[in-house]
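Analysis of the macromolecular model
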Amino acid sequence: MLRQLTRQLCRSGDLKKAVAQRTITTTNCLRDGEAQAEEKTILVDKEKNITMIGINRPQQRNAINASTAAKLCEAFSAFEADDTSPIAVLYGVGGSFCSGFDILEMAANDEGKVSMEMLMMPEGSVGPTRRHLHKPVVCGINGYCVANGLELALMCDLRVMEETAVLGFFNRRFGVPVIDGGTARLPAMIGFARALDLILTGRQVNAEEAHAIGLVNRIVPTGNALVKALELAHALAKFPQSALNHDRNSLYSSVFEAANFHQAIQNEIMYTSKDIIDQMKDGITWFNQTFKEHNRDSWLKRDKSMADWDDQMVAEAAAQKEAEKQAQERARIEEEKRLKEEKEKKKADKKKKSDETDESAAKE
């Protein structure tokens, strides 16, 4: 009897040990699965020389938690260090761009207490929003772009917004302040009074109003934000980058650094480098070789987009199209002239015949 009881206790101990080991194994598997899923919350890819950075938490409307924010900062640091990629595109996977910081995660951790460390970090709560990026970024806005997510969009240089997308500082209703650069960037973009309106009321802003006040640069059909943002990025990438970034830096300096007009002008000059001068010389040489004195104005009249104005094939096609239009116009003028002459001839013949009839009648 004692032996049987001892065996049962041993079996029970083994069972408990096995259950404990299985629990640990299961927990580790879950953690590994979470880690793998966490790695995919930010997608980084390249479309030719354009870096594509995607926020991939569609079930949370791309709300950004702490680990995702850190990965987003890493992605932008890698982009800035990549000399082969002049422009980046930021977008949201699924139905929304970004709905801000993941408040649910904040509530689950430490009973919803907000740590002062979040406010004192060099980076923002949803990414590198407290950073001045050194290369242009275009963002494609779809669905919800609200709260800190809107501040993430403000970090970008150009914003392409779908016609059904929604903007707004919805964090106003939850008592969450604007802490990702929005109070610095927004008034510089749309003016102090409008910035106060949007930030204090937290109201919803549609695409038409956003474009009218200068909050977004393009409105596109629903489902086209990423495609059109990529097109815009490729258009920027075709230009000489030294001069483009010089002008970009001068603009940012005049808005955020210069104390007055004269300092802004001085900064504009100081940002000019030898590389920019060399690039400018090359551009002037190319222009003079391409457009001679007799056709120096022709580059203004070509029927093509500005992004492709230096593309030889497009220029030739545009010239051919212009020649066809001119030929058609000449043919139209000649036809009108011919019809007019025929009409005048018929009129003259009719008058002559009438005169001859009258003359015959008078003789009789």
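As the structure is a prediction and not an experimental result, all values here were calculated from the model.

Right, let's talk about the overall build of the protein chain for a bit. In terms of helices and strands, the protein chain carries 13 helices and eight strands. Here the protein chain, with 364 residues, has 34% of them falling under the buried criterion. For the protein chain, restricting intrachain contacts to residue pairs at least 6 apart in sequence, the fraction spanning at least 24 positions comes to 68%. Accessible surface, the protein chain: about 23,200 Å² in total, of which carbon and sulfur atoms supply 55%.

Mean pLDDT over the protein chain works out to 78, with 68% of the residues at or above the 70 mark. Considering only residues more than four positions removed or in separate chains, one finds that residues 1-37, a stretch of pLDDT under 50, has zero contacts.

A word on the packing of aromatic side chains. Applying the stated criterion across every chain yields a total of one aromatic pair. Between Tyr252 and Phe256 the ring centres are 6.3 Å apart and the planes differ by 20 degrees, which places this aromatic pair in the stacked class. Of the two residues, Tyr252 and Phe256 both sit in helix α10 (residues 241-256), four residues apart, roughly one turn of that helix. By relative accessible area, which is 23% here, Tyr252 ends up partly exposed.

With four of its five residues buried, strand β6 (residues 158-162) lies for the most part within the structure. Here strand β4 (residues 137-141) runs beside β6; their pairing, made up of four bridges, is parallel. Bridged to Val138 within β6 is Leu158. Pairing of β6 with strand β8 (residues 218-220), which is carried by three bridges, proceeds in the parallel orientation. Opposite Val160, over in β8, you have Arg218 as the bridge partner.

For the structure shown, the criterion picks out twelve salt bridges. With a closest N to O distance of 2.6 Å, Glu336 and Arg332 form a salt bridge. Pair noted here: Glu336 and Arg332 are both in helix α13 (residues 312-363), with a separation of four residues, about one helical turn. Judged by its relative accessible area of 43%, Glu336 is partly exposed. With relative accessibility at 38%, the residue Arg332 sits in the partly exposed group.

Time to look at the pairing of strand β3 (residues 87-92). Of all six residues making up β3, six are buried, and the element is well covered by its neighbours. Taking every second residue as pointing to the same face, both faces of β3 are buried, with Ile87, Val89 and Tyr91 on one and Ala88, Leu90 and Gly92 on the other. Where strand β2 (residues 50-55) lies against β3, six bridges are found, and the strand directions are parallel. Paired with Ile55 across the strands is Gly92, a residue of β3. Read as a crossover between parallel neighbours, the route from β2 over helix α2 (residues 66-81) to β3 is right-handed. Bridge analysis of β3 against β4 gives four bridges, and the strand direction is parallel. Across the sheet, the residue bridging to Val89 is Val138, located in β4.

Core analysis: the biggest nonpolar cluster contains 42 residues, and Phe76, Leu90, Ile141, Leu152, Leu167, Leu186 and Leu215 have the highest contact counts within it. Among the secondary structure elements, those contributing two or more residues to this core are β2, α2, β3, β4, α5 (148-155), α6 (182-190), α7 (192-201) and α8 (207-212). With residues near it in sequence (within four places) discarded, Leu90 still touches Ile53, Ile55, Leu72, Phe76, Phe97, Val137, Val138, Cys139, Gly140, Leu152, Met155 and Cys156. Counting residues in hydrophobic clusters, the runner-up holds 14 residues, among them Met52, Ile87, Tyr91 and Ala229.

Read across the open sheet, the six strands follow the order β1-β2-β3-β4-β6-β8; overall the sheet is mixed. Either end of the sheet is taken by a strand with one partner, and the two such strands are β1 (42-47) and β8. Mean inter-strand twist for the sheet, computed between neighbouring axes without regard to direction, equals 20 degrees.

This part covers the environment of Ser85. Mapped onto the elements, Ser85 comes out in the loop between α2 and β3. A sequence separation of 152 residues divides Ser85 from Ala237, and the C-alpha atoms of the two residues are 8.5 Å apart. Beyond its immediate chain neighbours, meaning those up to four positions away, Ser85 contacts Lys46, Asn49, Ile50, Thr51, Phe79 and Lys135. A polar side-chain atom of Ser85 sits 2.9 Å from the main-chain carbonyl oxygen of Asn49.

For the rest of this paragraph, the subject is the state of the cysteines. Tallying each qualifying case throughout the model produces zero disulfides. Take Cys139: it sits in no disulfide, and the sulfur closest to it among the cysteines is that of Cys156, at 4.1 Å. In this structure Cys139 comes out as buried when scored by relative accessible area, which is 0%. In this structure Cys145 is not part of a disulfide, and its nearest cysteine sulfur, from Cys139, lies 6.5 Å away.

The topology assignment puts Asn62 in the loop between β2 and α2. At a separation of 3.5 Å, a polar atom in the side chain of Asn62 contacts the main-chain carbonyl oxygen of Ile55. A polar side-chain atom of Asn62 sits 3.5 Å from the main-chain carbonyl oxygen of Phe97.

Here is what the cut-offs are and how they apply
- Residues numbered from 1 in each chain as written.
- Predicted model: local features only at pLDDT ≥ 70, side-chain atom pairs only at ≥ 80, totals over all residues.
- Heavy atoms only, no water.
- Helix = DSSP H or I, 4+ residues; strand = E, 2+ residues; numbered from the N terminus.
- Buried < 20%, exposed > 50% of the residue type's maximum accessible area, 1.4 Å probe, protein only.
- Contact = heavy atoms within 4.5 Å.
- Areas by Shrake-Rupley, 256 points an atom, 1.4 Å probe, with all protein chains shown as cover.
- pLDDT = per-residue confidence, 0-100.
- Phe/Tyr/Trp six-rings, centres within 6.5 Å; stacked < 30°, edge-to-face > 60°.
- Pairing = 2+ DSSP bridges.
- Salt bridge = Lys/Arg side-chain N within 4 Å of Asp/Glu carboxyl O.
- Right-handed = clockwise from strand over helix to strand, strands pointing away.
- Core = buried A, V, L, I, M, F, W, Y, C linked by side-chain atoms within 4.5 Å.
- Axes fitted to C-alpha atoms, helices over the stretch in contact; angles between N-to-C directions.
- Polar contact = N/O pair within 3.5 Å; in protein donor to acceptor, adjacent residues only side chain to side chain.
- Disulfide = S-S within 2.5 Å.

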